[in-house]
Structures are given as C-alpha cells and as structure tokens.
Amino acid sequence: MALYQDNTNVTQHKDPAFDAIHSPSDRAPFSGIYRCAVCGHEIVSTYGNPLPPQNHTKHPEGQITQWKLIVYANHNA
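Residues numbered from 1 in each chain as written. Predicted model: local features only at pLDDT ≥ 70, side-chain atom pairs only at ≥ 80, totals over all residues. Heavy atoms only, no water.

Caption draft 1: Representation of the overall build of the protein chain within the structure. Helix and strand content of the protein chain: 0 helices and 4 strands. Starting at the N terminus, the α and β elements of the protein chain follow one another as β-β-β-β. Here the protein chain holds 77 residues, and the buried ones make up 22% of them. As presented, the protein chain carries roughly 5,700 Å² of accessible surface, and 50% of it is formed by carbon and sulfur atoms. Within the protein chain, the 6 negative side-chain charges are centred at a point lying 3 Å from the centre of the 5 positive side-chain charges. (Helix = DSSP H or I, 4+ residues; strand = E, 2+ residues; numbered from the N terminus. Buried < 20%, exposed > 50% of the residue type's maximum accessible area, 1.4 Å probe, protein only. Areas by Shrake-Rupley, 256 points an atom, 1.4 Å probe, with all protein chains shown as cover. Lys, Arg positive; Asp, Glu negative; His and termini not counted. Charge placed at Lys NZ, Arg CZ, Asp CG, Glu CD.)

Right, dumping it as structure tokens:
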C-alpha cells in the first residue's frame, strides 16, 4: 500500500482514472503509482511509458496482471 508522511501533499479525488484497469505493457495514462490488482505489487510509471509486463512477479497460474492507478502526479496544480 502506498504510504505518505504529510497529508498536505496529497488530496483525495474522485476520478474515473482510478477505476480503469490496464493490461501489461499498456502505456501509462498518468505518471504515478500503479498497483497490480492480482498480487498488490506497486510500481511507479511515468506518462507514456509501458507498464511492466505479465512476468513482473509470480502469480498463480492463469491469473493475468492487471494494473490499477492508485496515485497520480497532478502536473496541472
């Protein structure tokens, strides 16, 4: 789970971007922290770069990596 020390640096926000599921090697739609919905592994990815591939970590057979955005960098603030 992503951690933070000072809550003045993060804001809770309802955005459909947090509901989207991304496949391995999809291009990151935002710079930020992504969590695998299968195993909970978290990674940082920057806008436009591919998310990690299916083999980023071991999953039970038949389970496919699904990346979900959990924190994004707001470059418009």
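Caption draft 2: Structural detail: the environment of threonine 65. Inspection of the secondary structure puts threonine 65 in the loop between strand S3 (42–45) and strand S4 (67–72). By relative accessible area, which is 1% here, threonine 65 ends up buried. Sequence separation between threonine 65 and tyrosine 4 is 61 residues, and the spatial gap between their C-alpha atoms is 25 Å.

Caption draft 3: Representation of the layout of surface pockets within the structure. Roughly 670 Å³ of internal volume is contained in the largest pocket. Ranked by residue count, the leading element in the lining of the largest pocket is S4, at 3 residues. Broken down by class, the residue content of the lining of the largest pocket amounts to 9 nonpolar, 5 polar and 3 charged. (1 Å grid on protein atoms, 1.4 Å probe; cavity = no way out; pocket = protein on both sides within 12 Å on 5 of 7 lines; lining within 4 Å. Points joined across faces, edges and corners; volume = space filled by probe spheres on them. Nonpolar A, V, L, I, M, F, W, Y, C, P; charged D, E, K, R; others polar.)

Caption draft 4: Geometry of the nonpolar core. Among the nonpolar cores identified, the biggest contains 9 residues, and these are Ala17, Phe18, Ala28, Tyr34, Cys36, Ile43, Leu51, Trp67 and Leu69. Secondary-structure elements contributing two or more residues to this core are strand S2 (32–36) and S4. In this view, alanine 28 contacts Tyr34, Ser45, Thr46, Tyr47, Gly48, Asn49 and Leu51; residues no more than four positions away in its chain are not counted. (Core = buried A, V, L, I, M, F, W, Y, C linked by side-chain atoms within 4.5 Å. Contact = heavy atoms within 4.5 Å.)

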